[in-house]
Protein chains: 2
Amino acid sequence: MVGMKMRNRQKIIALIFTAIFSCARMSLGATGDEELLEQVKQIFAPLPQAMVSEKNPITPEKVKLGKILFYETRISVDGTVSCARCHPIGLYAADGLKKSIGNNCRINPRNAPTLLNTAGQISAHWIGNRVDVEDQARQSVTGPPSFGMPSNEAVEAKLRGIPGYTELFKMAFPGESSPITVDNLAKAVGAFERTLVTPSRFDSYLKGNPTALKEQEKRGLKLYMDADCATCHSSTYVGGQMYQKFGFLEPYWKFTKSDPIDEGRYVVTKNEADKYVFKVPILRNVAKTAPYFHDGSVDKLEEAVWIMGKTQLNRELTKGEIEEIVAFLKSLTGTIPEESLTIPLLPSTE
Amino acid sequence: MVGMKMRNRQKIIALIFTAIFSCARMSLGATGDEELLEQVKQIFAPLPQAMVSEKNPITPEKVKLGKILFYETRISVDGTVSCARCHPIGLYAADGLKKSIGNNCRINPRNAPTLLNTAGQISAHWIGNRVDVEDQARQSVTGPPSFGMPSNEAVEAKLRGIPGYTELFKMAFPGESSPITVDNLAKAVGAFERTLVTPSRFDSYLKGNPTALKEQEKRGLKLYMDADCATCHSSTYVGGQMYQKFGFLEPYWKFTKSDPIDEGRYVVTKNEADKYVFKVPILRNVAKTAPYFHDGSVDKLEEAVWIMGKTQLNRELTKGEIEEIVAFLKSLTGTIPEESLTIPLLPSTE
């Protein structure tokens, strides 16, 4: 009896503590703020100044050339495709299409993800069939639905036909006797892309400024973690670090209405376990890069969040919860570096 | 006999004078320089700061909106066409293609001329079937080979579907109750284009600095005038002020190898006299905007100059003469205004 009384008393005390604690967390007062920030720091990290690579050190000369090549249409088979066509910087380096349209109106198999903050991922492309941003650039020039050129040699011939490139490649790759190669094109474009880092208010927050996020955004962030979104979409880029099955609990196409159904990484590996597996996309600037998913089948971020709840988390997120998560996601919209918002003059054919 | 002697003496004096005068002109010394500059000033004029229009006054708000719309692909029928697609600023606002490729791979009937310095012409488009730059922008959104939208209303619906445009149009067209219209889109894009003025060394020369042009360029300029190039390609924009038959002396397609043969302004007017008549293109930045002529059928500026000699001037220009004229033409390459070399962020669909 005494024991029961004691347990009840303990229970009541615990309940009171929990209630006080929850209130504090709900209002995200000073203590809640600090606690949240500590928790967040375990899961996320602020963006670096640039996404460096030992294999392809960033130099001003490479970045200069890479930025020019980023806008170069004359090395595509029909003269209309550049990196910027599917990744226009003014649209946060995505094109707003469900699936990008390349040379001769060829439709790419998947949605063009943003190129901002992407060089730090485990791989490039939705199904991870590009090692890194350099590999992506390298393969795109001969990719049938992108630049569509018949061979690397044909690309190099086009580059050599534009006199200004001789000096630009020489400067970017000093000491090389014949620097105009697709490999070097890829390195230059990659170096440029490695500078495309867009710090946001979330980074200020991660660096210890608790007021950088508004209350609603913090509630959204907390919910985002509580609902296990951060199990996959975490770390510096808020994603991009692993592969996961899309439709963990139920087939994704029941919600996205995708047609055709994309088998994901299975297309590359032919491993049954990779069916419907995709690289977890980064969520940096996600509010600016509709439409969503590998096939751009969903237009609204709110709907995409709801689908994630259904297919990955066994959770029917309410309208209010979605609103808060989206508020947090919008805080990931960053500032595009000024140097990448200027248009380079391309060398002429004269 | 005395009369003959007198005439001979006069002839000799005249010859001596001519010889001295020619020498002076050949070396383009101080006197020749001044004389040339005076002659040049009768024919050409320096670029204005902006190409103003009473019908569409330039305001910062209109220019801001117009520049954003210039990059807007989401108002085209397949989501791939913006003004910048066929007029990329980094390529001197031309696309380097023989004929531009628009939505759904539709090929435009003629080569995309540069948009730099173009708002001061008598009309827009090669055959003058657009009144001005505003009319060009207005018609392009529903033009089958350009944006390809089914109606102005469809364009306006797309614009209204992107929330950020509400405020931008309101700011650019204050006092209007429903400012999101294709007419206003055209005015905004037009206002932006009216700022695309690229002063070059030729303008410094015209403003009285005889050393702004190199000796070879001055010889080229003199030859350009002596050979009557300036009969048509003159004034502020070095062209763009009249219509002329291409193939004045011989059919143009004998030299350009054009296929199909374009009947020019006749297509619009159905007037027999307008057969093979085109607007005389401006030559500002001509060295940067290959390929040449209404169908982009000629790749090299040297060849284009030679063809002009043959078809318009009854003159077989020598290699040396062409070199000098081309040297002058290269001095027309100007400086693109800095403000138009920055990429605007487009409003998102969120």
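It should be noted that the structure appears before, not after, this text.
Each value, and the rule that gives it
- Residues numbered from 1 in each chain as written.
- Chains lettered and ligands numbered in written order.
- Predicted model: local features only at pLDDT ≥ 70, side-chain atom pairs only at ≥ 80, totals over all residues.
- Heavy atoms only, no water.
- Least-squares fit on C-alpha atoms with pLDDT ≥ 70 in both.
- Contact = heavy atoms within 4.5 Å.
- Disulfide = S-S within 2.5 Å.
- Buried < 20%, exposed > 50% of the residue type's maximum accessible area, 1.4 Å probe, protein only.
- Buried area = accessible area lost by both parts, 1.4 Å probe.
- Salt bridge = Lys/Arg side-chain N within 4 Å of Asp/Glu carboxyl O.
- Polar contact = N/O pair within 3.5 Å; in protein donor to acceptor, adjacent residues only side chain to side chain.
- Nonpolar A, V, L, I, M, F, W, Y, C, P; charged D, E, K, R; others polar.
- Helix = DSSP H or I, 4+ residues; strand = E, 2+ residues; numbered from the N terminus.
- Core = buried A, V, L, I, M, F, W, Y, C linked by side-chain atoms within 4.5 Å.
- Phe/Tyr/Trp six-rings, centres within 6.5 Å; stacked < 30°, edge-to-face > 60°.
- Lys NZ or Arg CZ within 6 Å of the ring centre and 35° of its normal.
- Expected span 1.5 Å × (residues − 1).

A. Molecular detail of the relation of the copies chain A and chain B. Once chain A is rotated about the relating axis by 180° and shifted along it by 0.0 Å, it coincides with chain B to within an RMSD of 0.0 Å. Taken together, the turn and the small shift mark the pair as related by a two-fold rotation axis. Rotation axis and chain A: the residue whose C-alpha lies nearest the axis is A:Thr342, separated from it by 2.1 Å. Interface residue correspondence from chain A to chain B reaches 100%, placing this contact among same-surface, isologous pairings.

B. Spotlight on the state of the cysteines. Residue and element names in this part refer to chain B. Summed over all chains, the structure comprises one disulfide over all chains. Counting only cysteine sulfurs, Cys 86 is the nearest neighbor of Cys 83, a cysteine outside any disulfide, at a range of 9.0 Å. With no disulfide of its own, Cys 232 has Cys 229 as its nearest cysteine by sulfur position, at a separation of 9.3 Å. Classification of Cys 232 by relative accessible area gives buried; the value is 18%.

C. Representation of the interface of chain A and chain B. Across the boundary between the two partners, chain A contributes 32 residues, which contact 32 residues of chain B. The largest contributions to the chain A side of the interface with chain B come from A:Ile343, A:Leu345 and A:Glu350, which together make up 24% of the buried area. Scanning the region where chain A abuts chain B turns up zero salt bridges. Here chain A and chain B share eight residue pairs in polar contact (both at pLDDT 80 or more) between them. Grouping the amino acids of the side of chain A that touches chain B by side-chain chemistry returns 15 nonpolar, nine polar and eight charged.

D. Spotlight on the pattern of salt bridges. Residue and element names in this part refer to chain A. For the coordinates displayed, the defined rule picks out 39 salt bridges over all chains. One salt bridge in this structure joins Asp 135 and Arg 138, with 3.2 Å as the shortest N-O distance. Of this pair, Asp 135 and Arg 138 are both found in helix 5 (residues 133-140), three residues apart, which corresponds to roughly one turn of the helix. In this structure, Glu 321 and Arg 315 form a salt bridge, with 3.2 Å as the shortest nitrogen-oxygen distance. Overlapping salt bridges, with partners in common, bring together Asp 33, Glu 215 and Lys 218 in one network.

E. Region of the structure containing the environment of B:Lys62. All names here are of chain B. With respect to the element layout, Lys 62 can be found in helix 3 (residues 60-70). Residue classification places Lys 62 among the buried residues on the basis of a relative accessible area of 7%. A sequence separation of 279 residues divides Lys 62 from Leu 341, and the C-alpha atoms of the two residues are 17 Å apart. Those residues in contact with Lys 62 that sit more than four places away from it in its chain are Asn 56, Pro 57, Ala 172, Phe 173, Lys 187, Ala 188 and Ala 191.

F. Region of the structure containing the side chain of B:Asn285. All names here are of chain B. One can find Asn 285 in the loop between strand 2 (277-279) and helix 13 (301-312). There is a polar contact of 2.8 Å between the side chain of Asn 285 and the backbone nitrogen of Gly 334. When residues no more than four places from it in sequence are discounted, the contact partners of Asn 285 are Tyr 92, Leu 116, Asn 117, Thr 198, Leu 332, Thr 333 and Gly 334.

G. Fine view of the nonpolar core. Of all hydrophobic cores here, the largest spans 82 residues; its most connected members are A:Tyr165 and B:Tyr165. The residues touching A:Tyr165, leaving out its near neighbours within four places in the chain, are A:Leu65, A:Ile68, A:Leu69, A:Glu72, A:Leu159, A:Ile180 and A:Pro347.

H. Expanded view of the packing of aromatic side chains. Residue and element names in this part refer to chain A. All chains considered together, the criterion is met by 34 aromatic pairs over all chains. Taking 5.6 Å as the distance between ring centres and 70° as the angle between the ring planes, the aromatic pair formed by Phe 70 and Tyr 71 counts as edge-to-face. Exposure remark for Phe 70: the relative accessible area of 0% places this residue in the buried category. Ring pairing ties together the aromatic residues Phe 246, Tyr 252, Trp 253, Tyr 276, Phe 278 and Phe 293, which thus form one cluster. Its guanidinium or amino end placed over the ring of Tyr 243, Arg 265 lies 4.1 Å from that ring's centre, counting from NZ or CZ.

I. Geometry of helix 10 (residues 215-226) of chain B. Residue and element names in this part refer to chain B. Between its first and last C-alpha atoms helix 10 spans 16 Å; for twelve residues at 1.5 Å apiece the expected length is 16 Å, and the two agree. By the burial criterion, the buried members of helix 10 are Glu 217, Lys 218, Gly 220, Leu 221, Lys 222, Leu 223, Tyr 224 and Met 225. Immediately downstream of helix 10, the backbone of Asp 228 shows phi near 75°, a positive value.

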